[in-house]
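Overview (structure and organization)
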Amino acid sequence: MSVIYDRVALIGLGLIAGSMSLALREAGLASEVTGYARSAETRDTAREIGLCDRICDTAAEAVAGADLVVLCVPVGAMGDVMAEIGPHLAPGATVTDVGSVKQSVIDAVQPHMPQGAHFIPGHPLAGTEHSGPRAGFATLFRNRWWLLTPLPDTDADALDRLNRCLAGIGAKTDVMEPAHHDLVLAVTSHAPHLIAYTMVGVADHLQRVSGEEVIQYSAAGFRDFTRIAASDPTMWRDVFLHNKEATLDILGRFTEELFVLQRAIRMGDGQQLFDYFSRTRAIRRGIIDAGQDTAAPDFGRGVTKT
Ligand code: NAP
């Protein structure tokens with residue numbers, strides 16, 4: 001594949017940035033990938049494992065001369081990071097981000113964008129429960145959606161170039177309104193994570209009553225919850241604080257549905273339970289048919305780094 005950007009700068013060096021760097025370099029899409037993380041420990045690890053072509057000790061140095069800058073920090077840190085790098089961006093540079101929430105990131109980043117630079121917010125729908133510079137792998141984005149929420153005055157050429165780059169690392173891109181993105185993700189990702197955190201919390205309380213049985217005999221359903229509930233606490237704290245309205249809306253609906261099922265169980269209404277579970281089973285089949293998961297019975301637990 002041919003070079004699309006001369007220099008790509010990754011700010012924040014965790015799972016997503018690490019995976020991007022490995023994928024960009026493997027596909028030959030950038031002449032140089034630079035990286036910066038706030039802690040010396042992360043920068044040292046990144047240097048040790050050769051995560052980028054060059055690890056810089058300041059964000060300003062990392063973005064100098066970059067034609068694509070990718071903000072890969074928690075959602076709540078995007079505004080401060082952008083304020084720091086804004087004065088050092090190359091003329092005409094494109095800035096994108098990978099934050100799991102879009103409207104609040106736009107509100108935080110946009111005021112710090114210098115004249116002539118292009119901000120194209122984005123969100124890869126790919127990840128694992130692991131974090132940090134060692135967690136990345138080049139195939140993370142392969143056949144995964146990468147949603148972009150361009151602003152009304154987005155430069156068409158800058159958008160096209162970013163699209164080609166993301167396609168080059170295997171992602172499928174789509175465009176959405178930021179508020180719509182935040183609602184869709186509240187349903188498909190944010191509320192499910194909160195439910196998983198809650199369920200594991202319930203088991204944790206129960207474990208204090210029943211000793212080690214919760215862990216020893218944990219069935220597949222609970223193990224999947226624990227995997228999700230092992231996700232990075234900082235990232236997820238920020239997601240809920242910054243997608244408050246949509247998440248609360250979906251959790252309200254969730255609570256209503258829960259009461260419906262609770263009542264069906266109490267009343268012994270087997271038909272209602274059967275019909276409900278048949279509908280949800282069809283949704284799972286739809287996800288598999290769309291190529292977003294496999295039908296393997298241990299889905300989610302066998303994430304392989306290939
Ligand atoms: P990660 O592995 O935890 O790495 C986060 C990076 O951000 C680290 O380099 C960390 O620096 C830096 N950072 C943390 N707090 C910061 C702060 N206050 N100021 C400046 N830098 C800070 O995270 P990740 O999973 O790659 O997630 C990065 C972004 O991608 C988040 O916005 C998240 O919402 C989004 N995202 C994540 C997933 C997923 O499944 N993980 C999926 C899609 C999108 P130090 O190492 O120096 O502390």
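Relevant structure appears above.
Below: a short report on this structure. Predicted model, so just to flag it, every value in this text is computed and none were measured.

With 20 residues, helix H12 (residues 270–289) ought to run about 28 Å at 1.5 Å a step, and its terminal C-alpha atoms sit 29 Å apart, in line with that. Positioned one or two residues after H12, Gly 291 has a phi angle of 80 degrees, which is positive.

Let us now look at the site of the ligand. In the vicinity of the ligand lie 27 residues, with Ser 39, Thr 42, Val 73, Ser 100 and Gly 132 positioned nearest. Between the ligand and Ile 16, the relevant distance is 2.9 Å, taken from an oxygen atom to a main-chain nitrogen or oxygen of the residue. Thr 42 is positioned such that a nitrogen or oxygen atom in its side chain is 2.5 Å from an oxygen atom of the ligand. Against a free-state accessible area of 910 Å², the protein chains account for coverage of 83% of the ligand. Elements with a minimum of two residues in the shell around the ligand: helix H1 (15–27) and strand S7 (122–124). Broken down by class, the residue content of the shell around the ligand amounts to 14 nonpolar, eleven polar and two charged.

Below, the discussion takes up the packing of aromatic side chains. What the rule picks out here adds up to two aromatic pairs. Plain terms: the ring middles of Phe 141 and Trp 146 are 4.9 Å apart, the flat faces sit at 55 degrees to each other, and that makes the pair tilted. In this structure, Phe 141 and Trp 146 share a single accessibility class: buried. Pairing Trp 236 with Phe 240 gives two aromatic rings, centres 5.8 Å apart and planes at 45 degrees, and the pair type is tilted. Here the residue Trp 236 and the residue Phe 240 both occupy positions in helix H10 (residues 233–242), the gap between them amounting to four residues, near one helical turn. Take Trp 236: its relative accessible area is 5%, and that puts it in the buried class. Note on Phe 240: relative accessible area 17%, which makes it buried. The aromatic ring of Tyr 276 is capped on one face by Arg 279, whose charged end is 5.1 Å from the ring centroid.

Compared with an ideal rise of 1.5 Å per residue, which puts 13 residues at 18 Å, H1 spans 18 Å between its outermost C-alpha atoms and is within 8% of the ideal. Burial within H1 is extensive, with ten of its 13 residues counted as buried. Against the buried residues of H1 lie strand S1 (5–11), strand S2 (30–36), strand S4 (68–71), S7, strand S8 (145–148) and helix H6 (156–168). In the stretch just after H1, Gly 28 is the one whose phi turns positive, near 65 degrees.

The next subject is the pairing of S2. Among the seven residues in S2, six count as buried, and that is most of the element. For S1 and S2, the ladder comprises six bridges, and the chain directions are parallel. Bridging across to S2, Tyr 5 finds its partner in Ala 30. After leaving S1, the chain enters H1 and then returns to the sheet as S2, a path that is right-handed. Bridge analysis of S2 against strand S3 (residues 54–55) gives two bridges, and the strand direction is parallel. Following the sheet pairing, Thr 34 is matched in S3 by Arg 54.

Now for the sheet that holds S7. Pairing is mixed in the open sheet, where three strands are placed in the order S7-S8-S9. In this open sheet, the two edge strands, each paired with only one partner strand, are S7 and strand S9 (172–175). This sheet shows a mean twist of 20 degrees between the axes of neighbouring strands, independent of strand direction. In terms of strand pairing, S7 meets S8 through three bridges, oriented antiparallel. Pairing of His 123 across the sheet is with Leu 147, part of S8. The strands that H6 touches are S8 and S9; relative to S8, the one it contacts most, it runs at about 165 degrees.

Turning our eyes to something else, we now look at the pattern of salt bridges. Summed over all chains, the structure comprises 16 salt bridges. Put simply, Arg 7 and Glu 32 hold a salt bridge, and the shortest N to O gap is 2.8 Å. Residue Arg 7 is located in strand S1, and its partner Glu 32 is located in strand S2; the two are separated by 25 residues in the primary sequence. Connected through shared salt-bridge partners, Arg 7, Glu 32, Arg 54 and Glu 61 make up one network.

Conventions used here
- Residues numbered from 1 in each chain as written.
- Predicted model: local features only at pLDDT ≥ 70, side-chain atom pairs only at ≥ 80, totals over all residues.
- Heavy atoms only, no water.
- Helix = DSSP H or I, 4+ residues; strand = E, 2+ residues; numbered from the N terminus.
- Expected span 1.5 Å × (residues − 1).
- Near = heavy atom within 4 Å.
- Polar contact = N/O pair within 3.5 Å; in protein donor to acceptor, adjacent residues only side chain to side chain.
- Areas by Shrake-Rupley, 256 points an atom, 1.4 Å probe, with all protein chains shown as cover.
- Nonpolar A, V, L, I, M, F, W, Y, C, P; charged D, E, K, R; others polar.
- Phe/Tyr/Trp six-rings, centres within 6.5 Å; stacked < 30°, edge-to-face > 60°.
- Buried < 20%, exposed > 50% of the residue type's maximum accessible area, 1.4 Å probe, protein only.
- Lys NZ or Arg CZ within 6 Å of the ring centre and 35° of its normal.
- Contact = heavy atoms within 4.5 Å.
- Pairing = 2+ DSSP bridges.
- Right-handed = clockwise from strand over helix to strand, strands pointing away.
- Axes fitted to C-alpha atoms, helices over the stretch in contact; angles between N-to-C directions.
- Salt bridge = Lys/Arg side-chain N within 4 Å of Asp/Glu carboxyl O.

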